[in-house]
Amino acid sequence: MYDIDRYLENHHIESFQCYARGKKVKRERVLKIAYEPICKIGKAFNLFYGRPLLWGTYSLKKVVRIIEKARPDVVHIHCINAYTVNVYGLLNYLKKKGIGTVITLHAEFMYTGGCSYAYNCDKWKEKEGCRSCKVKNANKNWNSMKEAFSGFNREKLALVSVSPWLRDRALNSTILENYYHKIVMNGIDTYTFRKRTRDEIEKVKKKYGICLDRILLHVTSDFDAPVKGGGYVRQIAHMMEEDNLSDVEIIVVGPVKKRENTKNIKFVGVVTNQADLAALYSMSSITLLTSKRETFSMICAESLCCGTPVIGFKAGAPETISIPEYSSFFKFGDINSMYKAVKKTLYSSQSDRAVIIEKAHKTYSAETMAQNYISIYRNVAYV
């Protein structure tokens, strides 16, 4: 959102950003629409009722007031977190007013009715929805979402997926199949995510206590979550110990609770400084992806923009958005094939990082993303 807003501002197009969670941002035209205590009550409400996208009447009223005052040509909805705004009410309002609407699908809940990740479940594709689902109120949520989208002017609504895999899923859904679909990959700040200088790398190595030159990097939002596959990183570490690969260090970036005593893993915690993160990518031989499901993969894009190849499991989107020549993906859980690829890459001649960076910057640049969105805005605004 920040990158799109910056591009719009540079091209003299006025925009407002609304967000719900986190600290208040002191920037002009950036508006907070929800209170944390109310969102927490919404989370508790959902434990009993299983209706996470229904909560948020206060936030909905605030968003409507903002829209009524600003009178925008287009409203762009990103991934609205649960317990923040009544999603059905917002969609019904935009539909009724005939406002040009762009919805970026960062997760699956807009077409599953509620599940952020459907995994191997296909009930959401059925004409009558998730009738036999064990998830609380799944069919109610599915029907509410279908009703909210039903009757939308097709020319005033654009559904944007951040990966080909996500677009194909959305097209196969009963809820979204009849609308206009487009793919716009998430944009990367290519000035930040680039090959860092030797001095920058050495400074960051010293800062985080990194000693070796052969580095396997794993970046995660939650190392302990089963869906993120942190256990596979531990398996790789044990396999390296058994093979006496003492010249390789595994660096894990992100929150972790269970710090098992593994000599060749260094947990550096959450890295908020993106320049530091870019240096960590730049110094690494490989970035390792172990997620079970991803709808894009910022980690994959960031790594390639810094010239570092990627090895991971097939998780839906990553294998469709990555640059094939510099990425290897294997069936989820096939740790032996992954480990063989890791060893081969670690001890073979490295790819030309400059070539990887050039291709990645063309593929994932934030400017390209913003330009694509401007084109879509025009399509839904002036019909």
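Before going into details, it helps to say that this report is about the structure given with it. All of these numbers come straight from a predicted model, not from anything done at the bench. (Residues numbered from 1 in each chain as written. Predicted model: local features only at pLDDT ≥ 70, side-chain atom pairs only at ≥ 80, totals over all residues. Heavy atoms only, no water.)

What the rule picks out here adds up to 13 aromatic pairs. Put simply, the rings of Phe45, Tyr49 and Trp55 touch in pairs and so form one group of aromatic residues. Over the ring of Tyr35 we find Lys62, and its NZ or CZ is 6.0 Å from the ring centre. Seen from the ring of Tyr119, Lys292 lies directly overhead, with NZ or CZ sitting 4.8 Å from the centre. (Phe/Tyr/Trp six-rings, centres within 6.5 Å; stacked < 30°, edge-to-face > 60°. Lys NZ or Arg CZ within 6 Å of the ring centre and 35° of its normal.)

The end-to-end C-alpha separation of helix H15 (residues 366-381) is 22 Å, in line with the 22 Å expected for 16 residues at 1.5 Å each. Buried within H15 are the following residues: Ala366, Met369, Ala370, Tyr373, Ile374, Ile376, Tyr377, Val380 and Ala381. Tucked inside the fold, the buried residues of H15 contact helix H1 (2-10), strand S3 (74-77), strand S4 (100-105), strand S5 (157-161), strand S6 (180-183) and helix H14 (353-364). (Helix = DSSP H or I, 4+ residues; strand = E, 2+ residues; numbered from the N terminus. Expected span 1.5 Å × (residues − 1). Buried < 20%, exposed > 50% of the residue type's maximum accessible area, 1.4 Å probe, protein only. Contact = heavy atoms within 4.5 Å.)

With that out of the way, let us pick up the sheet that holds strand S12 (residues 327-330). With respect to topology, six strands assemble into an open sheet ordered S9-S8-S7-S10-S11-S12, the strand pairing being parallel. Every interior strand has two partners, whereas the edge strands, strand S9 (265-269) and S12, have only one. Going across the sheet, the axis of each strand differs from the next one's by a mean of 20°, ignoring polarity. As judged from the four bridges shared by strand S8 (residues 248-253) and S9, these two strands associate in the parallel manner. In the strand pairing of S9, Val252 is matched with Phe267. Where helix H11 (residues 298-305) meets the sheet, it contacts strand S7 (214-219), strand S10 (286-289), strand S11 (310-313) and S12, and its direction lies at approximately 175° from that of S10. (Pairing = 2+ DSSP bridges. Axes fitted to C-alpha atoms, helices over the stretch in contact; angles between N-to-C directions.)

Most of helix H10 (residues 274-283) is tucked away: eight of the 10 residues are buried. Within H10, burial applies to Asp276, Leu277, Ala278, Ala279, Leu280, Tyr281, Ser282 and Met283. Among the structural elements, helix H8 (198-208), S7, S8, S10, H11 and H14 are those in contact with the buried residues of H10. Two or three places before Ala275, at the opening of H10, Asn273 has a side-chain oxygen 2.9 Å from that residue's backbone nitrogen. (Polar contact = N/O pair within 3.5 Å; in protein donor to acceptor, adjacent residues only side chain to side chain.)

Summarising the sheet, S3 and S4 pair through four bridges and their orientation is parallel. Opposite Ile77, over in S4, you have Ile103 as the bridge partner. On the question of chirality, the crossover connecting S3 to the parallel S4 by way of helix H4 (residues 87-97) is right-handed. (Right-handed = clockwise from strand over helix to strand, strands pointing away.)

Interhelical geometry of H8 versus H10 gives an angle of 100° and a closest axis separation of 9 Å. Accordingly, the angle class assigned to the pair H8 and H10 is roughly perpendicular. Facing H8, whose interface residues are Glu200, Ile201, Val204, Lys205, Lys207 and Tyr208, H10 presents Asp276, Ala279, Leu280, Ser282 and Met283. Residue classes in the contact of H8 with H10 are distributed as six nonpolar, one polar and four charged. (Parallel < 35°, antiparallel > 145°, perpendicular 65-115°, else oblique. Nonpolar A, V, L, I, M, F, W, Y, C, P; charged D, E, K, R; others polar.)

Quick look at the nonpolar core now. Among the nonpolar cores identified, the biggest contains 81 residues, and Met145, Phe149 and Tyr364 are the most heavily contacted of them. If we ignore the near neighbours within four places in the chain, the residues touching Tyr364 are Met185, Asn186, Gly187, Ile188, Phe296, Ala301, Leu304, Cys305, Ile321, Ser322 and Ile323. Counting residues in each nonpolar core, the second largest holds 25 residues, with Val256, Phe267, Ile286 and Tyr339 among its members. (Core = buried A, V, L, I, M, F, W, Y, C linked by side-chain atoms within 4.5 Å.)

All quantities given are derived from atomic positions and should not be read as evidence of function.
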